[in-house]
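Architecture and fold: a report
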Amino acid sequence: MMNGWTGKILNVDLSEGKITTEPTEPYVGNYIGGRGLGVRLIYDHYAPGTDAFDPGNPLIFNTGPLTGTAVPGSGRVDVTALSPMSKLRAKSNFGGYWGPELKYAGYDHIIFQGKSEKPCYLWIKDGRVEIRDAENLWGMDTFETQKALQQELGDPEIKVVCIGPAGERLVQFACLITETGDAAGRTGMGAVMGSKNLKAIAVRGSGGVQVARPEELLEVSIKVNQEIRENPAYQELANWGVSRSIPMMYEHSFFPVGYFEDVCWEDIIKNYQGIEFMEKYQLKSLGCFNCPGRCMSFFSVPEIGKGVTSCEPFSGFTGAVWNLDMDVFWEATVLCNRMGIDGTETSACIGLLMELYHDKIITAEDTDDVAMERGSKEAILTTIRKIADREGYGDLLAQGQMAAAEKFGPEAVEKVDQIKGLAPHAYEYRAYKGTGLMAAVGHRGDPLPLRGSLLEFDWNMSAEWFQQVAKEKYGSEESAIPTSYEGKALPAFISEHMERVADNLGICKWIYTLFVYEDAEMPTRLFNLVTGKDWKIDKLLKVSERVRNLERMFDVRQGLRRADDTLPKKFFEQPLSKGKFKGEVMDKEKFEQMKDEYYEIRGWDKETGIPTREKLEELDLGDVADEVLGRA
Amino acid sequence: MIKTLIVDAQKCSGCRACETYCSLKHEGVCNPAKGRIHIVKWEQDGTFVPINCMRCEAPACELICPKHATYRNYTTGAMEVDPYLCIGCMSCVFACPFGATFVDPDDGRILKCDLCAGDPTCVKVCPTGALTYEEISKETYLKLIENADRIPLLVREAIGGEE
């Protein structure tokens with residue numbers, strides 16, 4: 001057994017019912033684990049041309065060497081496959097308690113291939129692996145499924161990650177759920193799992209994670225635990241979740257209103273009821289495995305239900321759908337979690353219909369007589385149910401926003417705001433140029449959570465201070481100034497590498513490299529204590545760069561080029577009509593210049609956006625260069 | 001005055017830090033299954049209950065042990081097990097009314113909370129204050145005040161008066 005890693009990758013062929021293992025060790029030097037190692041696995045196991053719902057699309061779960069250790073925030077798991085939405089490499093990540101349990105049961109990664117003939121689930125207990133019948137679970141929501149499995153297997157401490165009815169029905173943006181709302185939300189992993197007839201993965205383990213330097217780790221880790229608890233950002237999150245920061249985000253035009261229609265909806269700035277809702281219904285704040293941060297709120301609302309949520313739904317089911325009724329926000333959130341659909345994409349779908357209705361491109365007749373009025377409770381909740389059930393217009397949306405728009409006609413198609421096939425993370429890119437760049441070039445069209453993006457937002461709080469930070473850490477004061485196009489490529493480059501350090505190790509990037517520790521020093525130190533290696537920070541960052549390039553090459557192999565690194569055209573054409581950044585719009589030419597700068601730093605070809613052979617060889621990716629670029 | 005580990009389950013977030021750090025401290029490995037404290041979880045209700053040795057006045061684990069391997073450490077008040085006397089019969093495990101005597105899943109050793117010799121690691125890392133290490137008198141006094149506080153309200157409710 002290794003220190004940190006369990007040392008085993010589990011291969012499950014659902015078509016053949018065959019289960020094998022292979023060692024993790026050969027991969028760790030170049031890819032570490034978690035997201036990084038997962039990228040290598042998907043690159044090697046995915047055959048180009050395979051459809052996302054084809055049995056040949058591998059579905060891969062990745063924990064890192066720090067997952068499940070006494071390191072705060074070590075509950076993270078990365079999930080990958082070919083995304084049915086983007087047709088690129090999918091990237092999703094969830095927390096909770098499942099990842100640590102998988103390691104205690106003996107595995108670092110699971111690769112699913114093939115398709116089960118009948119609904120099934122995988123049961124892993126201390127190195128024993130079994131594919132079991134899930135006929136009785138099919139149709140259950142995600143909460144019921146977890147309970148039913150704990151009962152069936154006779155152990156309430158079993159950890160389950162599963163799909164809901166939406167995943168079974170192949171809703172493109174179906175997600176995975178564990179506990180009461182921890183989700184691998186984005187890129188449609190629930191649909192891929194559903195296409196394999198795989199309902200759930202239940203794990204239970206009593207093995208541990210071996211550690212190279214236990215005494216030192218204990219000492220450092222206790223200190224980290226205390227530093228996190230003392231951090232103001234985390235005290236805020238633990239006490240108030242994100243509820244208090246939401247109106248502020250709107251005030252600074254960082255969160256869009258409606259379907260990226262404009263910003264600064266005065267009603268939400270003045271009348272956002274999140275704090276009152278929290279005071280009334282939050283039982284406690286919860287976190288993932290071994291996390292003192294507790295950024296999630298556990299709500300218990302009579303008639304609606306219990307569960308956790310954090311972050312995205314607080315704006316997705318309020319401002320993005322013109323809703324101020326917090327009961328509706330909560331009902332929508334619980335519904336999405338139980339049905340197993342991604343809240344971000346779902347709220348964008350609703351936002352799209354509301355905009356189409358508002359602009360009279362569609363009428364109630366197009367949506368089964370549901371009037372898609374802005375903020376309508378009926379519109380919000382009915383749409384979610386119909387998507388999950390694939391009923392009526394919900395069936396159209398279940399095939400993606402674009403597919404639905406095509407049915408509504410060319411005017412509707414014009415309205416769709418997506419980046420690489422996904423709803424953009426709900427940030428307002430017109431005023432925040434660096435964030436826009438990160439979204440455009442980013443691996444899944446999603447800048448979150450990158451330090452460079454947060455820096456632009458932080459600037460609103462204390463402009464001079466953050467300009468100084470920007471100069472020290474990112475080489476230019478301009479990096480912090482949201483409306484500036486200068487100095488934005490380097491922060492994107494640095495933040496992308498830092499983000500991958502946390503993802504490769506299996507720890508939370510909110511804590512490490514974003515809010516508490518703002519660089520990769522602490523993760524590096526913890527990595528060495530756990531694994532017994534003596535790596536310098538540069539070596540971990542080099543792995544991040546390799547991972548970033550390999551992700552890019554996977555997508556290049558799928559046909560991705562420079563032109564795909566862009567934003568919805570609304571951001572280039574419609575200036576903001578009010579608010580703090582009134583008049584701001586993304587200048588197309590300057591935007592392309594930021595991209596040039598970014599490709600330059602990356603060592604990618606500016607014409608095509610493809611990594612150069614030279615860069616790939618420098619990163620030991622010569623084999624990838626040979627395959628995708630052709631032999632030199 | 002002697003201190004002891006106090007559990008306030010209402011505050012627990014179920015994060016398992018106590019279990020994990022406990023195993024690291026005592027066993028040098030990260031493995032909640034080797035913790036000397038354990039959290040029972042009802043995730044869907046948001047209810048979590050940390051279970052730890054209650055250090056009973058007449059401890060069943062001590063009384064039942066045929067080899068007198070379980071004994072009280074009078075410096076800390078903790079119930080400890082002498083590994084040289086223990087024969088591994090697990091009587092103490094089954095006798096414990098709280099299920100707070102644990103067994104190493106690998107080798108069957110008895111795992112009992114020794115309060116880290118008076119400086120419990122779990123208390124240091126508990127983020128919510130669900131675990132505290134307090135003087136017993138202080139804790140009972142706080143409980144007393146808390147309970148007394150509720151009584152006027154209960155009386156008013158009982159006689160059907162206003163709140």
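Rules used throughout
- Here the residue index of a chain counts from 1 through its sequence in written order.
- Whichever chain is written first becomes A and whichever ligand is written first becomes 1, with later ones labelled in order.
- For this predicted model, a pLDDT threshold of at least 70 governs which residues receive local features, and a threshold of 80 or more governs which side-chain atom pairs are given and counted, while totals over whole chains, interfaces and linings are taken from all residues.
- Secondary structure is summarised from DSSP: a helix means a run of H or I of at least four residues, a strand means a run of E of at least two, and numbering begins at the N terminus for each.
- Around each residue's C-beta, the other C-beta atoms within 10 Å are counted; 20 or more make the residue buried, 12 or fewer make it exposed, and counts in between make it partly exposed. All C-beta atoms are placed from the backbone.
- Contact definition: two residues whose C-beta atoms, as placed from backbone geometry, lie within 7 Å.
- Only C-alpha atoms enter the radius of gyration; for comparison, a globular chain is expected to reach 2.2 Å times N to the power 0.38, where N is the number of residues.
- Residue classes follow a fixed rule: Ala, Val, Leu, Ile, Met, Phe, Trp, Tyr, Cys and Pro count as nonpolar, while Asp, Glu, Lys and Arg count as charged, and any other residue, Gly among them, counts as polar.
- Whether two strands pair depends on DSSP finding at least two bridges between them.
- Note on method: axes are straight lines fitted to C-alpha atoms, helices fitted across the in-contact stretch only, with angles between N-to-C directions ranging 0 to 180 degrees.
- Nonpolar cores are identified as sets of buried Ala, Val, Leu, Ile, Met, Phe, Trp, Tyr and Cys residues joined via C-beta atoms within 7 Å.
- By this rule the span expected of a helix is its residue count minus one, scaled by 1.5 Å.
- Where each domain begins and ends follows an automated or database-derived domain assignment.
- Confidence of the predictor at the level of single residues is given by pLDDT, which spans 0 to 100.
- Throughout, the term roughly parallel applies to angles under 35 degrees, roughly antiparallel to angles over 145, roughly perpendicular to angles from 65 to 115, and oblique to all others.
- Less than a right angle of anticlockwise turn of the near helix away from the far helix marks a crossing as left-handed, whereas a clockwise turn marks it as right-handed.

Attention now moves to the overall build of chain B. Counting its regular elements, chain B contains five helices and nine strands. Burial analysis of chain B (163 residues in total) assigns 40% to the buried set. Looking at chain B alone, contacts between residues at least 24 apart form 59% of all its contacts between residues at least 6 apart.

The number of helices and strands found in chain A is 28 helices and 16 strands. Against the compact-globule benchmark of 26 Å for 632 residues, chain A has a radius of gyration of 23 Å, which places it among compact chains. Considering only C-alpha atoms, chain A reaches an extent of 60 × 55 × 55 Å along its principal axes. Counting only residues that meet the buried cut, chain A has 63% of its 632 residues in that class.

Each partner contributes to the interface: chain A provides 33 residues, whereas chain B provides 24 residues. Only helix H4 (142–152), strand E13 (209–210), helix H7 (214–230), strand E14 (282–286) and strand E15 (296–301) of chain A provide two or more residues apiece to the side of chain A that touches chain B. The element contributing the most residues to the side of chain A that touches chain B is H7(A), with six residues. Residue composition of the side of chain A that touches chain B, grouped by class: 15 nonpolar, twelve polar and six charged. Pairing of E13(A) with strand E2 (residues 29–30) of chain B involves two bridges; the strand directions are antiparallel. Bridge assignment links Gln210(A) to a residue of E2(B), and that residue is Val29(B).

Our focus in this paragraph is the sheet that holds strand E9 (residues 159–162) of chain A. All names here are of chain A. On the basis of which strands lie adjacent, the open sheet formed by six strands has the order E8-E7-E12-E9-E10-E11 and mixed pairing. Strand pairing shows two members of the sheet lacking a second neighbour, strand E8 (128–133) and strand E11 (182–184), which therefore form its edges. The sheet shows a mean angle of 20° between the axes of neighbouring strands, direction not considered. Packed onto the sheet, H4 meets strand E7 (120–125), E9, strand E10 (176–178) and strand E12 (198–204) and runs at close to 145° relative to E9.

Moving on, we come to the nonpolar core. All names here are of chain A. Judged by nonpolar contacts, the single largest core of 250 residues is most densely connected at Tyr121, Val171, Leu176, Ala200 and Ile341. Broken down by element, this core gets its largest block of residues, nine residues, from helix H13 (residues 326–339). Each residue touching Ala200, except ones within four places of it in the same chain, is listed here: Tyr121, Ala134, Leu137, Thr145, Leu149, Val160, Val161 and Cys162.

This part takes up the environment of Gly46(B). Relative to the helices and strands, Gly46(B) is located in the loop between strand E3 (38–42) and strand E4 (47–51). In contact with Gly46(B), not counting residues within four places along its chain, are Leu283(A), Lys284(A), Phe298(A), Ser300(A) and Lys306(A).

What follows deals with helix H15 (residues 377–389) of chain A. All names here are of chain A. The end-to-end C-alpha distance of H15, which contains 13 residues, comes to 18 Å, matching closely the 18 Å that a straight helix rising 1.5 Å per residue would cover. Turning to H15, its buried residues number three or more, namely Ala379, Ile380, Thr382, Thr383, Ile384, Lys386, Ile387 and Ala388. On its buried face, H15 is in contact with helix H5 (165–168), H13, helix H14 (343–358) and helix H16 (393–397).

A separate point is the domain arrangement of chain A. All names here are of chain A. According to the domain assignment, chain A consists of domain 1 (8–204), domain 2 (252–415) and domain 3 (433–629). Relative placement of domain 2 and domain 3: their C-alpha centres are 28 Å apart. A breakdown of the residues in the side of domain 2 that touches domain 3 according to their chemical character gives seven nonpolar, three polar and one charged.

Residues and elements named next belong to chain A. By secondary structure assignment, the location of Ala470 is in helix H21 (residues 463–474). Using a count of 25 C-beta atoms within 10 Å as the deciding quantity, one classes Ala470 as buried. Placed 137 residues apart in sequence, Ala470 and Glu607 show a C-alpha to C-alpha distance of 29 Å. With residues near it in sequence (within four places) discarded, Ala470 still touches Leu455, Ser476, Glu477, Ser479 and Ala480.

Residues and elements named next belong to chain A. Between its terminal C-alpha atoms H13 stretches 20 Å, which fits the 20 Å expected from 14 residues at 1.5 Å a residue. With 13 of 14 residues buried, H13 is to be regarded as a mostly interior element. Immediately beyond the C-terminal end of H13, within one or two residues, lies Gly340, with a positive phi of roughly 80°.

Moving on to the sheet that holds strand E1 (residues 8–13) of chain A. All names here are of chain A. Spatial ordering of the open sheet is given by E2-E1-E6-E3-E4-E5, a layout of six strands whose pairing is mixed. A single partner strand is all that each edge strand has here, and the edge strands are strand E2 (18–23) and strand E5 (92–94). Along the sheet, successive strands turn relative to each other by an average axial angle of 20°, direction set aside. Note that strand E3 (residues 59–62) and strand E4 (residues 77–80) share three bridges and pair antiparallel. Each bridged residue has a counterpart across the sheet, and for Phe61 the counterpart in E4 is Val79. Its contacts with the sheet put helix H2 (residues 34–45) on E3, E4 and strand E6 (109–113), and the angle it makes with E3 is roughly 160°.

Moving on to the pairing of E4(B). All names here are of chain B. Burial of E4 is one-sided: the residues Phe48 and Pro50 facing one way are buried, the residues Thr47, Val49 and Ile51 facing the other way are not. The pairing of E3 with E4 spans five bridges and is antiparallel. Following the sheet pairing, Lys41 is matched in E4 by Phe48. Here E3 folds back onto E4, and the loop between the two strands holds four residues, one of which, Gly46, carries a positive phi near 70°.

This part covers the confidence of the model for chain B. Scored by pLDDT, chain B has a mean of 92; 98% of the residues are at 70 or more. For this predicted complex, the interface score ipTM comes out at 0.94, alongside a pTM of 0.95.

To continue, consider unusual backbone geometry. It is generally the case that most residues other than glycine have a negative phi and that most peptide bonds are trans. Backbone geometry places Lys87(A), a non-glycine residue, at a positive phi of 60°. You can see Lys87(A) is positioned in the loop between E4 and E5. Although it is not a glycine, Leu115(B) adopts a positive phi angle of roughly 55°. Checked against the element boundaries, Leu115(B) lands in the loop between strand E8 (110–111) and helix H4 (121–125). Taking the number of C-beta atoms within 10 Å as the measure of exposure, Leu115(B) has 26 and is therefore buried.

Time to look at the packing of H7(A) against helix H23 (residues 521–531) of chain A. All names here are of chain A. As a packed pair, H7 and H23 sit with axes 9 Å apart at the nearest point and diverge in direction by 150°. With respect to H23, the axis of H7 lies roughly antiparallel. Crossing of H7 against H23: the hand is left-handed. Two secondary-structure elements touch here, H7 through Glu216, Leu217, Val220 and Val224 and H23 through Met522, Arg525, Leu526, Leu529 and Val530. Residue classes in the contact of H7 with H23 are distributed as seven nonpolar, no polar and two charged.

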